[in-house]
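# Architecture at a glance
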Amino acid sequence: MKILAVLIGLCLVFLFVWERVDIVRVGYQVERLKVEKSRLERERDQLQVKFSALSAPDRIAKMATEQLGMVPPQKGQVIMVQAKPAGDPQFRPTPAEVRIARNDLSDWRR
Amino acid sequence: MAAPLGRGRRYITLLLLLCGFGVVLFRLATLQVLQAAELTVKADRQHQKTVSLEGVRGTIVDRHGKMLAMNLEVPSVFGVPTALDSPAKTARSLSPVLHVRADELERKLRQDRGFVWLARKLDPEQGRRLERMPMEGIGIVLEGRRFYPKGPLLSHVLGFAGMDGEGLEGIERRYESHLHGEKRVTVLQRDALGRTVFPKKMSNEQSPAPGHQLVLTIDEVIQYIVEKELEEAVARAEAKSGTMIVLDPSTGALLASAVSPRFDPNAVSALRPDRWRNRALTDAYEPGSTMKAVLAAAAIEERVMKPDTLVFGEQGRMAIGNTMIHDHEKLGWLSFAQVIQKSSNVGAAKAGMALGEQRFYRYLQSFGFGERTEIDLPGEAAGLLKHPREWGGRTLASISMGQEIGVTPMQMVSAVAAIANGGVLMRPYVVSEIRDAQGQTLKEVQPHVKRRVISPETARTVTTILEGVVTDGTGGKAAIAGFRVAGKTGTAQKIDSRTGRYSASQFVSSFVGYVPANNPRLAMIVLIDEPRGEAWGGTVAAPVFNRVGEQVLNYLGVSSDVSVKLAMASGKP
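Everything quoted here is computed from the prediction, not taken from an experiment. (Residues numbered from 1 in each chain as written. Chains lettered and ligands numbered in written order. Predicted model: local features only at pLDDT ≥ 70, side-chain atom pairs only at ≥ 80, totals over all residues. Heavy atoms only, no water.)

### Considering the overall build of chain A
Counting its regular elements, chain A contains three helices and two strands. Start at the N end of chain A and walk to the C end: the helices and strands fall as α-α-β-β-α. Burial status across chain A gives 12% buried among its 110 residues. Here chain A has roughly 9,200 Å² of accessible surface; of this, 64% comes from carbon and sulfur atoms. (Helix = DSSP H or I, 4+ residues; strand = E, 2+ residues; numbered from the N terminus. Buried < 20%, exposed > 50% of the residue type's maximum accessible area, 1.4 Å probe, protein only. Areas by Shrake-Rupley, 256 points an atom, 1.4 Å probe, with all protein chains shown as cover.)

### A look at the overall build of chain B
When its secondary structure is counted, chain B shows 20 helices and 23 strands. Taking 25 Å as the expected radius of gyration for a compact globule of 573 residues, we find that chain B reaches 35 Å, considerably beyond that expectation. Along the longest, intermediate and shortest principal axes, the C-alpha atoms of chain B span 150 × 75 × 45 Å. Burial statistics for chain B: of 573 residues in total, 53% are counted as buried. (Rg over C-alpha atoms; globule rule 2.2 N^0.38 Å.)

### Section: the confidence of the model for chain A
Residues and elements named next belong to chain A. Within chain A, residue pLDDT values average 79, and 72% of them lie at 70 or more. Highest mean pLDDT in chain A belongs to helix α2 (residues 57–67) (93); lowest belongs to helix α3 (residues 102–109) (42). Residue range residues 100–110 is modelled with pLDDT below 50. Its contacts to residues more than four positions away, or to other chains, number 17 contacts. (pLDDT = per-residue confidence, 0-100. Contact = heavy atoms within 4.5 Å.)

### Quick look at empty space enclosed by the protein
Residues and elements named next belong to chain B. The full count for this structure, using the stated rule, is four cavities of 30 Å³ or more. Quantified by volume, the largest cavity comes out at close to 60 Å³. Among the secondary structure elements, those contributing two or more residues to the lining of the largest cavity are α17 (409–420) and β17 (424–427). The residue makeup of the lining of the largest cavity, split by class, is four nonpolar, four polar and three charged. (1 Å grid on protein atoms, 1.4 Å probe; cavity = no way out; pocket = protein on both sides within 12 Å on 5 of 7 lines; lining within 4 Å. Points joined across faces, edges and corners; volume = space filled by probe spheres on them. Nonpolar A, V, L, I, M, F, W, Y, C, P; charged D, E, K, R; others polar.)

### Structural notes on the pairing of strand β3 (residues 67–79) of chain B
All names here are of chain B. Burial analysis of β3 places 13 of its 13 residues in the buried class, the great majority of the element. The antiparallel pairing of strand β2 (residues 60–61) with β3 creates a hairpin that spans five residues between the two strands, and glycine 65 there sits at a positive phi of about 80°. Bridging between β3 and strand β5 (residues 138–147) involves ten bridges; their strand directions are antiparallel. By the bridge assignment for β5, methionine 70 is matched with phenylalanine 147. As judged from the three bridges shared by β3 and strand β4 (residues 116–119), these two strands associate in the antiparallel manner. Looking at β4, one finds that valine 77 is bridged to alanine 119. (Pairing = 2+ DSSP bridges.)

### Some thoughts on the packing of aromatic side chains
All names here are of chain B. Applying the stated rule across the entire model yields seven aromatic pairs over all chains. Relative to tryptophan 276, the ring of phenylalanine 160 has its centre 4.9 Å away and its plane inclined at 75°; by these criteria the two rings are edge-to-face. Pair noted here: phenylalanine 160 is in strand β6 (residues 160–161) and tryptophan 276 is in helix α10 (residues 273–276), with a separation of 116 residues, a long-range link. For the pair formed by phenylalanine 160 and tryptophan 276, the shared burial category is buried. Summarising the aromatic geometry, the rings of phenylalanine 511 and phenylalanine 545 are spaced 4.9 Å apart at their centres and angled 65° between planes, so their arrangement reads as edge-to-face. (Phe/Tyr/Trp six-rings, centres within 6.5 Å; stacked < 30°, edge-to-face > 60°.)

### Regarding helix α12 (residues 291–301) of chain B
Side chains that are three or four residues apart share a direction in an α-helix, a result of its 3.6 residues per turn. For α12(B), a buried count of ten out of eleven residues is recorded, marking the element as mostly surrounded by other parts of the structure. Arg303(B), located one to two residues past α12(B), shows a positive phi value of around 60°.

### Structural notes on the confidence of the model for chain B
In low-pLDDT regions, the fine details of the predicted coordinates are not to be read closely. All names here are of chain B. Per-chain confidence: chain B averages 89 in pLDDT, with 91% of residues scoring 70 or above. Here residues 200–205 is a poorly scored stretch, pLDDT under 50, and it has 13 contacts once near neighbours within four places are set aside; other chains count. Per-residue pLDDT stays below 50 along residues 564–573; that stretch engages in eleven contacts with residues further than four places along the chain or on separate chains. Reported for the predicted complex are a pTM of 0.82 and an ipTM of 0.75.

### A word on the sheet that holds strand β21 (residues 486–495) of chain B
Residues and elements named next belong to chain B. Taken in spatial order, the five strands of this open sheet run β12-β11-β23-β22-β21, and their pairing is antiparallel. Two strands close off the open sheet at either side, each with one partner strand: β12 (253–260) and β21. The sheet shows a mean angle of 10° between the axes of neighbouring strands, direction not considered. Inspection of the sheet shows strand β11 (residues 241–248) paired to β12 by seven bridges, in the antiparallel sense. (Axes fitted to C-alpha atoms, helices over the stretch in contact; angles between N-to-C directions.)

### Focus on the environment of Gly8(B)
All names here are of chain B. Secondary-structure assignment places glycine 8 in helix α1 (residues 2–34). By relative accessible area, glycine 8 is classed as partly exposed at 25%. Separated by 504 residues in the primary sequence, glycine 8 and valine 512 place their C-alpha atoms 113 Å from one another.

### Points about helix α18 (residues 456–471) of chain B
Residues and elements named next belong to chain B. Given a rise of 1.5 Å per residue, 16 residues ought to cover 22 Å, and the 22 Å separating the end C-alpha atoms of α18 matches this to within 8%. For α18, the full list of buried residues reads Thr458, Ala459, Val462, Thr463, Ile465, Leu466, Glu467, Gly468, Val469 and Val470. For α18, the secondary structure elements touched by its buried residues are α12, α13 (336–341), α17, β21 and β22 (502–515). (Expected span 1.5 Å × (residues − 1).)

### Let's talk about the pattern of salt bridges
Residues and elements named next belong to chain B. With the rule as written, the count across this model stands at 39 salt bridges over all chains. With a shortest N-O distance of 3.7 Å, glutamate 530 and lysine 240 are connected by a salt bridge. Of the two residues, glutamate 530 sits in the loop between β23 (522–529) and α19 (537–540) while lysine 240 sits in the loop between α9 (220–236) and β11, which places them 290 residues apart along the sequence. Looking at glutamate 530, the relative accessible area reads 19%, which means it is buried. In this structure, the salt-bridge partner of aspartate 274 is arginine 272, at a minimum N-O distance of 3.6 Å. Arginine 272 sits in the exposed class, given a relative accessible area of 59%. (Salt bridge = Lys/Arg side-chain N within 4 Å of Asp/Glu carboxyl O.)

### What to know about the side chain of Gln223(B)
All names here are of chain B. On the secondary structure map, glutamine 223 appears in helix α9. A polar side-chain atom of glutamine 223 sits 2.6 Å from a polar atom in the side chain of glutamate 227. Those residues in contact with glutamine 223 that lie beyond four places of it in its chain are Leu153, Leu154, Ile218, Leu255, Ala256, Ser257 and Ala258. (Polar contact = N/O pair within 3.5 Å; in protein donor to acceptor, adjacent residues only side chain to side chain.)

Here you go:
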């Protein structure tokens, strides 16, 4: 009986010590994760700035024209129209519109 | 005999020990209990140094959430002169990383102080290089630095923030109370000898609330189109500067606002203040013939003129008092619509005189001249509109053709936007929403009606006249294929500062108008200051209106007014 009481007492002591040690260990882990979170947030912000700078219209236009040989659409090359399917008397135009490039349009005109 | 003596010595020794412990305990109690609070503060003062750093500033985004301004945590480097063995050697090592001269760094490191800033708000890459070269007596803390990732885009509207994170110009200044975050405090530790000072940790000590996010009415793409076309026009005309504004006439929302030349808000320290002044708001100019659009609205509303009322052009010359009013060509009988379309000064002066001083003044006030538009940007000028009792013999005629009155580009485009908006003057605005750091809306700005200035019927009539300016008048180069454009050209002589008289070589060329005229989506003004060579508003400014209008309408997906018959596929093979 005495041995059992001593064993229970020892278990309680170990449990207490283990709990304290674990609290300290988890505390360190939390601190490490906080630092890591802070670092990742900084990295995210830096990437956000980089993304915004890389997607600046100035840069996109420069790359499109100088590197890819693209040109802005010339006068009349883009015509905005409202689509109305043939044979549908119930059709009411919606605000949605269709973009038609000039080369397509020339076929239709013909 | 020995035993009592020994016992006595033991008692005395015990007594002395007890007294000794008693003294120690008493001192301990005094220090740890009685003087605990006072000594803790004293110890903290000796071992810690508190550095106050600005809070995380809120971001600024355009109407589609595109980032225009945001803060980054970047390294700032400090030194502890008392902890350095060789300030000269340390300065030489740091100089190439910090881009600061070695002798300047050495001078700072030789100061008899416990803490000294060496370089603040460095690039993240510089911080990484510093971390790889740890040095005794040198430390790093993180501070917020403002970044404008789009560079010069929208710079005159955004403004910029200073080194300590406070807004100094533009939106950054106007919305300082929303943008700035809570101040935060970093505690730096000293050792027992008071030699080293280092932060407790690199991350924030506290988590103060960051500033609010501002959502603008600006569209990044429209802004880019405007800036590109304006820069090109200013370069083409070899002009001193240029200004362009795009408003949504139905709400007063600012879609774009540009001043040329631009500046990069990421590097303002080397620039003079006149480079970052937002001339669209701060600079009043004599508008010249663009004022005739307002004159037409007032004259038609007051029924002193109709579009077909005949006015004699006096063959391009008319005397008023001791002065002479000239037209750019000899004009005979004209309808009032033609007076505006051909921009006749004589005809405008006659319409102004028919209207009378008091009535015209009332309309000028009503259209917003002489008062700020109340746009939510700092530094706006009220312009110059004198009271009729201060008017001279020629003033009525002069104002009718846009002289003797000072207006800002924002006032002029707002006034013309009122005509586009069926006669209702809106208050222009640039911030549409304010959100907290979690993205919750704190305030949503609704369009604000200032007042009705003319009736819808008058607005329609004036629109027809202004369409004639583009189809048959001086503004032909503003015409956009497939769209009805209404507008007015202006070519205003500037006052020569040396003579105090109108200059024969310095002009402000402008065009103000809206498109599509039947259902306006854009109200725009283009101003080119001191173009070289041909300076007519119709030649210099109107083409910019055309190029911007065409691209922006295409971008917005506004369908053409011209009907095109298309054979739609039925879907059957």
